[in-house]
Amino acid sequence: LTRRCTALCELDLHSCTELTDQSVLALAAHCPGLIDVNLTNSKRIREPAVVELVRLCVKLAHLTVFEASISDEVALRLQAERMYSLLIYRVNDY
């Protein structure tokens, strides 16, 4: 899918509970124009995959990761690296 949707700019994967790090890495590699991604309730996604998504998708402006495994420290670091042009929405019940 990602190889054919290279112009994708918005993607809502809310409650895709089977989504894996490999899926996110494929998105990052093949959809660099992503602007808005929702990974809410993607508890199987780990921080390194989210970091790579942000690193490779340089246009990314909104990332929603409610109930996902990303720490405050990493979220703040990613925002700082982007000069705060990236908004990360997150709330965890951990």
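K.L.:
What exactly am I supposed to notice about the side chain of threonine 40 here?
P.N.:
Tracing the sequence through the fold places threonine 40 in the loop between β2 (36-38) and α2 (47-56). Overall, threonine 40 belongs to the buried group, its relative accessible area being 8%. A distance of 2.6 Å separates polar atoms of two side chains, one belonging to threonine 40 and the other to asparagine 38. Those residues in contact with threonine 40 that sit more than four places away from it in its chain are Leu13, His14, Ser15, Thr64 and Phe66.

K.L.:
In this structure, what is going on with the sheet that holds β2? I would like to understand it.
P.N.:
Within a beta sheet, neighbouring strands are joined by backbone hydrogen bonds and run either parallel or antiparallel to one another. With parallel pairing, four strands are arranged side by side in an open sheet as β1-β2-β3-β4. A strand with exactly one partner marks an edge of an open sheet, and here the two such strands are β1 (10-12) and β4 (87-89). Averaged over all adjacent pairs, the angle separating strand axes in this sheet is 5°, with direction ignored. In terms of strand pairing, strand β3 (residues 62-64) meets β4 through three bridges, oriented parallel. When the sheet's bridge partners are listed, histidine 62 is paired in β4 with leucine 87.

K.L.:
Honestly, the packing of α2 against helix α3 (residues 72-81) in this entry has me stumped. Any pointers?
P.N.:
A pair of packed helices can be characterised by two numbers: the angle between their axes and the separation between those axes. Here α2 crosses α3 at 10°, and the two axes come no closer than 11 Å. One element, α2, and the other, α3, form an angle in the roughly parallel class. Counted together, Glu47, Val50, Val51 and Val54 of α2 and Val74, Arg77 and Leu78 of α3 form the full contact between these two elements. Here the residues of the contact of α2 with α3 sort into five nonpolar, no polar and two charged.

Conventions used here
- Residues numbered from 1 in each chain as written.
- Predicted model: local features only at pLDDT ≥ 70, side-chain atom pairs only at ≥ 80, totals over all residues.
- Heavy atoms only, no water.
- Helix = DSSP H or I, 4+ residues; strand = E, 2+ residues; numbered from the N terminus.
- Buried < 20%, exposed > 50% of the residue type's maximum accessible area, 1.4 Å probe, protein only.
- Polar contact = N/O pair within 3.5 Å; in protein donor to acceptor, adjacent residues only side chain to side chain.
- Contact = heavy atoms within 4.5 Å.
- Pairing = 2+ DSSP bridges.
- Axes fitted to C-alpha atoms, helices over the stretch in contact; angles between N-to-C directions.
- Parallel < 35°, antiparallel > 145°, perpendicular 65-115°, else oblique.
- Nonpolar A, V, L, I, M, F, W, Y, C, P; charged D, E, K, R; others polar.

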